[in-house]
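Here is how the chains run, residue by residue.
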Amino acid sequence: MKTSIKIKNLSKSFNGKKILKEINLELPKDGIFGILGKNGAGKTTLLATLMGLITPTSGEIKIFNKCLKKNKFDILNQINFQSPYIELPKKMSVYQNLIFYARLYNVKDRGKIIKNLCSELLVSDLLHLNYGKLSSGQKTRVNLCKALLNRPKLLLLDEPTASLDIQTSDFIRKYLVKFQKNYKSAILITSHNLEEIKYMCDYLIILEDGKVKDFDTITNLLKKGKKSKIEELLLND
């Protein structure tokens, strides 16, 4: 099986406390993967480790069949990240931010790509505005523009529609599903919105106390657990 991510015996401790515990996981080359778990299960730590922001205490991560530790720069050029909790420089305009990140990712035809993404994500009229003056919904769409500039083969999303209105959330979900199908990318998403997970995801990774409790398609997980709803998978029997 061609994999996007292969994790072997991954552990991470902070101040002597294990947050991730001997995680082993192989994800197919493309698809949308939901990461579910209670608060403190290790979801955000796992994403940050995959981005290279956190160094594992032990274990190995391979992305696109390359060791993350040894090929960090090459790999990071092919992935991207979005979270409503991380903002872009507030005093720069939307256009200045997007140009800066396009250069950072060495994006070719950056002007054309920025123009197309801004049109698709309905932010063309915001390009001249300072990022700090935008609403939450506007920032989310701009952040998504930033995250898609390099057409990432792996996209990591941490609560991508948190605190957004129903209309904006629906727009973002549909856009991401379309993006994944068009570019055959792998998308990892953490969300407490189970309807969002159900709509977007092909597979679920269920974390419990820093360990992978289960990983499979939503249909198979429900069938194996004899459950009728995704939320039931998170409840202790």
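Structure's up top.
Residues numbered from 1 in each chain as written. Predicted model: local features only at pLDDT ≥ 70, side-chain atom pairs only at ≥ 80, totals over all residues. Heavy atoms only, no water.

## Topic: the overall build of the protein
Here comes step 1: The number of helices and strands found in the protein is eight helices and ten strands.
Here comes step 2: Here the C-alpha radius of gyration of the protein, 18 Å, is about what a compact globule of 237 residues would show, namely 18 Å.
Here comes step 3: Dimensions of the protein along its principal axes, counting C-alpha atoms only, are 50 × 40 × 35 Å.
Here comes step 4: Within the protein, the fraction of its 237 residues that count as buried is 50%. (Helix = DSSP H or I, 4+ residues; strand = E, 2+ residues; numbered from the N terminus. Rg over C-alpha atoms; globule rule 2.2 N^0.38 Å. Buried < 20%, exposed > 50% of the residue type's maximum accessible area, 1.4 Å probe, protein only.)

## Points about the pairing of strand β2 (residues 17–28)
Here comes step 1: Bridge count for strand β1 (residues 3–14) against β2 is eight bridges, and the pairing is antiparallel. Looking at the pairing, F14 lines up with K17 of β2.
Here comes step 2: Between β1 and β2, which pair antiparallel in sequence order, lie two residues; one of them, N15, sits at a positive phi of approximately 50°. (Pairing = 2+ DSSP bridges.)

## What to know about the layout of surface pockets
Here comes step 1: The volume enclosed by the largest pocket comes to roughly 460 Å³.
Here comes step 2: In terms of lining, the largest pocket is formed by 19 residues, of which the most central are M51, N80, F81, Y105 and K146.
Here comes step 3: Contributions of two or more residues to the lining of the largest pocket are made by α2 (72–76), β6 (79–82), α3 (94–104) and α5 (136–148).
Here comes step 4: Examining the composition of the lining of the largest pocket, we find that four residues originate from one element, β6, more than from any other.
Here comes step 5: Counted by class, the lining of the largest pocket contains twelve nonpolar, five polar and two charged residues. (1 Å grid on protein atoms, 1.4 Å probe; cavity = no way out; pocket = protein on both sides within 12 Å on 5 of 7 lines; lining within 4 Å. Points joined across faces, edges and corners; volume = space filled by probe spheres on them. Nonpolar A, V, L, I, M, F, W, Y, C, P; charged D, E, K, R; others polar.)

## Structural notes on the environment of G137
Here comes step 1: Examined against the element boundaries, G137 turns out to sit in helix α5.
Here comes step 2: Between the C-alpha atoms of G137 and S58, which are 79 residues apart in sequence, the distance is 38 Å.
Here comes step 3: If we ignore the near neighbours within four places in the chain, the residues touching G137 are L164 and T168. (Contact = heavy atoms within 4.5 Å.)

## Remarks on the side chain of T190
Here comes step 1: As for its position among the elements, T190 is in strand β8 (residues 186–190).
Here comes step 2: The class for T190 is buried, based on a relative accessible area of 1%.
Here comes step 3: Ignoring any residue separated from it by four or fewer positions in sequence, one finds T190 in contact with I35, K43, L47, L157, D158, E159 and P160.

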